[in-house]
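Each chain, letter by letter, is given below.
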Amino acid sequence: MLAALRLMVARVRGLIGRRSAEDDVDQEIHLHLAMLTERLMRQGMNEEEAQSAARRQFGGVTATKEELRQRRSFPLIEAFLQDVRYAFRQLGKTPAFTAVAVSILALGVGTNTGIFSIVDAVLLRPLPYKDGAQLVWLGEVVKGDTTDEVTLTPDFLDWRARNQAFTAMAAFNTTERTLTGSGEPLPLSTAKASATLLPLLEVQPMLGRNFRSDEDQKGHDKVAILSYGLWQQAFGASQDVIGKSIRIDDQLLIVVGVLPREFRFPSSEPVDLLTPLGKNEAVESKRSEGTTIVRDVIARLKPGVSLEQARAEMEVIESHLAPPSFMSAARITVSVISLRERFVGNVRAALIAVLCAVAFVLLLACANVANLLLSRAVTRQREMAIRSALGASRWRLVMQLLVESLMLAALGCLGGLTLAFWTRGVFVSLLPKSIPGLETLPLDLRVFAFAVAVASVSAIVFGLGPALSTARPPVVESLISGGRSATGGVQRQRWLNLLASAQIAIAIVLLTGGGLVLESFWKLRYRDLGFQPNHLLTAHMQLSRARYPDSAKQIAFLDTLLDSVGNLPGVEGVGIGNLPPGEGHATNGFGIEGRQQLPRGRRPVAQRYAVSVEYFRLLEIPLVEGRGFLESDNAAAAPVALISETFARRNFPGESSLGRRVRLESADAWRTIVGVVGDVKTAGLAAAPEAVIYFPYRQTGANAVDVILRSGLDPGAIAPGLRKTVARLDPQQPVAEMSTMDRRLTESASRPRLAAVLLGSFAALGLILATVGLYGVMSFLVRWRFREIGIRLAIGAQPSDVTRMIFAHSFKVILGGVVVGVCCSLWLNRLIQTLLYGVSAADPLTFVLATGFLCLVGLSASYLPAREASGIDPITTLRSE
Amino acid sequence: MPQIKSEVLQGTLDLMVLKTLAAIGPLHGYGVARRIEQVSQELLRLNEGTVYQSLLRLTQKAWISSKWGVSENNRRARFYSITSAGRKQLVRETESWGRISGVVGRVLQLEDRS
């Protein structure tokens, strides 16, 4: 063992000191021969005789040297290093080839590395909590009434009391609130969370303490924990903020703690302030009309308990829960998923599809480089023949060619890493901001190792075929013909055809996938919105319940606001109202006059929008029937409502809805339906339009509204005016950041946009690579057939015949690729099924367009080679042979 | 001329080189070749190149070491000398050689059954 190690060390040393050792051996042998010669001359030989006798006695000088060289270090490594040097020399001799091949590889490796770094950060790395894999999210699906996942508070309390699977369970609700009392009112995103939440996440406040369990009870919940950011921003990072009282929505809260800087609240939006959950548990447990909900429930699995076991236990517990008096039991199911799934479940499919797409792009890049290598093979036939004649084995030649590929891949890998580094920002900006792990997207050893692995595998993929094909020199023939022979190319031609068809097939897969996703995105984002989003600016306002407790106060404020904002410069129209596309689903139950009045929970539901008169004109929502709201529909006039077409269709099938009366609460007055307006996407872009009921805010009041402005200016130019106007009317009233309607839509389509932009651009990239590749193959094949074409022309073929022949050839190649590609796409597009909206995975139009386009592109790529072929001068070609 | 290839012959040559260096002291390759030729009374005619292979093998096993010096006729030459590890090895090898040659000798003395 030791001896083997020592030998190893000696050999490694031999490898390092290769050159000087070589010189030493030369000297030693030279001296030996000289001394032997002298001795033989002393014995009476003349110099010439002595020299040759000495050599005989020594044995083969070269053979000995070679033998020593091999023994001194590792012959394979030496050969490899030699190949590396040779490869660099070869690559340096053809800089154009090298540059093109390296750029193509850099493109392939770079896109893969960039996407991998995101997949790694989002899907593979642990959540930013201790033992994050043990965290689960729970929610109830209250079917029928809504598809939102929320949990009834009494159910949460029962889960917490009865479960055996979790070490702890916590609930929270996020809400928008306002910090006042120090300068300009500051809108905050806050969360009401169980006292168990922070211990469950194994997070300690950086300053102060966590909530006590008694503070979870309503009435004892006047305490708050600040986020690090809020502490810095609003409290100047002061240590003595603990114990101070702050004013949140006209409520005084005592600050008891500050969260650590790295803490990330387990919801999609960052949270500035935590307050206790604050439920009245005695009232909740009655499961009566006073029942409330919690939006998120998080729990930590006990060690050794699997997610499936926990799910099974929760289903049993759920089945034993008594339903609230106003709900029927069978409708409620519980969903138990890992917290990671909750965070990233909705982008996983998109990321995996994109990862597949970049893998295809890499394959295309490899095909292109293989193609370049094959065409180089022709010019290197002579070199191979010479090396082979000098005694290089085929294996040795293949090795050397593979080393060349490896060097190309290494350069491509470097380029790819650079590319990935510069383009990451673009990828990240496309992802929804709610995904954890992207703030610190690392380009670390893992990503680096991935890039190296991808590049190495590529080197084999694109290098092996050409190497095997190049290193098969018909020695004698090549030497005689000087490498210009046209024979022996049948097999290589088959290779090339296969390569070209494969590129077409991959391009088809990319193009149909990208096309389908783009079409989905377009439909989702631009079609069937039901309203017109251009030139609209919006700003959300939440009126304080304390200062605007009743509808009269709300109406008065909103009336003045509308008048003042309408006079701002650049504002062409102003309205208020709730805006599509909302986040949640319709939840407001209503009753219809003259029908059976169902109990709460069984009533039909609709979205309830309180709007101003101008609302429909601003959003260009068409009036289908009846009349719109009028200025005269105020608190003094008879109560009125407008309904959406879906509302009318669902609740008044086959009859007119005009003049019918509806109400939301049994205490409300009946409202007369005066008109029907077009459907809009109220529950997110991907969901079908829901039933909507519109009220004039002047009759109902409104505490959460969007101010809607029509203006050609951008939001930055209008926002200060709006803010000043609001501040003049009520200095305590915050206004959320102003946005354009377009941006709102883009944000709510962020997942489909991710898939669409990435898959679309990779499809385009794939198309370019396939086109270049096809052009390369065709022009190469034509050059290959120069002599054959020359003969054809010489014996009477017309140039047009030659053109037709080339086109026929490329058409065959394209057709093969298209057939394979379409089959693969049909099979693979199941992967992106969940990313599609309003279009089938086998959408015939997309397939026809993609294949047609690709055929066209493929045939035009053959145009130049075909023209070159028809222009061949037969005499020159034949003479050159 | 056939090259010395088999393990036994390689081992034998290594043993002879080692013994030569132990007996005479630092020596260059040419000297080792001459010495072996002389001792064997020119019965063993080897390819002198193989001496260098043997020297490399022994160096890699750290049984001998080498140093550049000046030869008797004032030329730069590499002198090999035995190390302490080499001496120990030589003792072991000599013993086992004695044993093996004894055994082989006895076997070869067996009379053929006719």
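Residues numbered from 1 in each chain as written. Chains lettered and ligands numbered in written order. Predicted model: local features only at pLDDT ≥ 70, side-chain atom pairs only at ≥ 80, totals over all residues.

Q: Pulling in residues and values, what's your account of the sheet that holds strand β14 (residues 573-577) of chain A?
A: Whether parallel or antiparallel, the strands of a sheet pair through hydrogen bonds between backbone atoms. Residue and element names in this part refer to chain A. Here we have four strands laid out as an open sheet, ordered β14-β23-β13-β24, and antiparallel in their pairing. Both outer strands of the open sheet, β14 and β24 (739-740), are each paired with one neighbouring strand and no more. For strand β13 (residues 536-542) and β24, the ladder comprises two bridges, and the chain directions are antiparallel. Pairing of L537 across the sheet is with T740, part of β24. Those strands touched by helix α18 (residues 551-566) are β14 and β23 (704-710), and its axis lies near 155° from that of β14. (Pairing = 2+ DSSP bridges. Helix = DSSP H or I, 4+ residues; strand = E, 2+ residues; numbered from the N terminus. Contact = placed C-beta atoms within 7 Å. Axes fitted to C-alpha atoms, helices over the stretch in contact; angles between N-to-C directions.)

Q: Lay out the packing of helix α12 (residues 339-379) of chain A against helix α24 (residues 750-784) of chain A in plain terms, naming residues and giving numbers.
A: Residue and element names in this part refer to chain A. At a minimum axis separation of 9 Å, α12 and α24 run at an interaxial angle of 15°. In terms of their interaxial angle, α12 and α24 are classed as roughly parallel. Like other packed secondary-structure pairs, α12 and α24 cross with a definite hand, here left-handed. Partitioning the contact of α12 with α24 into residue classes produces 23 nonpolar, seven polar and one charged. (Parallel < 35°, antiparallel > 145°, perpendicular 65-115°, else oblique. Left-handed = near helix turned anticlockwise from the far one by under 90°. Nonpolar A, V, L, I, M, F, W, Y, C, P; charged D, E, K, R; others polar.)

Q: Residues and numbers for the packing of α12 of chain A against helix α15 (residues 445-470) of chain A, please.
A: Residue and element names in this part refer to chain A. Closest axis-to-axis distance for the α12/α15 pair is 9 Å, and the angle between their directions is 30°. Relative to α15, the element α12 lies roughly parallel. Crossing of α12 over α15 shows right-handed handedness. Residue-level inspection shows L362, C366, V369, A370, L373, L374 and A377 of α12 in contact with α15, the latter providing V454, S458, V461, F462, G463, G465, P466, S469 and T470.

Q: A description of the confidence of the model for chain A should follow, citing residues and the corresponding values.
A: Taken over all residues, the pLDDT of chain A has a mean of 83, while the share at 70 or more is 91%. Low pLDDT (under 50) marks residues 482-488 of chain A, which in the prediction has 13 contacts with non-local residues, meaning those over four places away or in another chain. (pLDDT = per-residue confidence, 0-100.)

Q: Tell me about the interface of chain A and chain B, residues and numbers included.
A: Listed per partner, the contact involves 20 residues of chain A and 18 residues of chain B. Looking at the side of chain A that touches chain B, the elements that each hand over two or more residues are α1 (2-16), α2 (18-42), α3 (47-58) and α4 (61-72) of chain A. Residues belonging to the side of chain A that touches chain B are distributed by class as follows: eight nonpolar, six polar and six charged.

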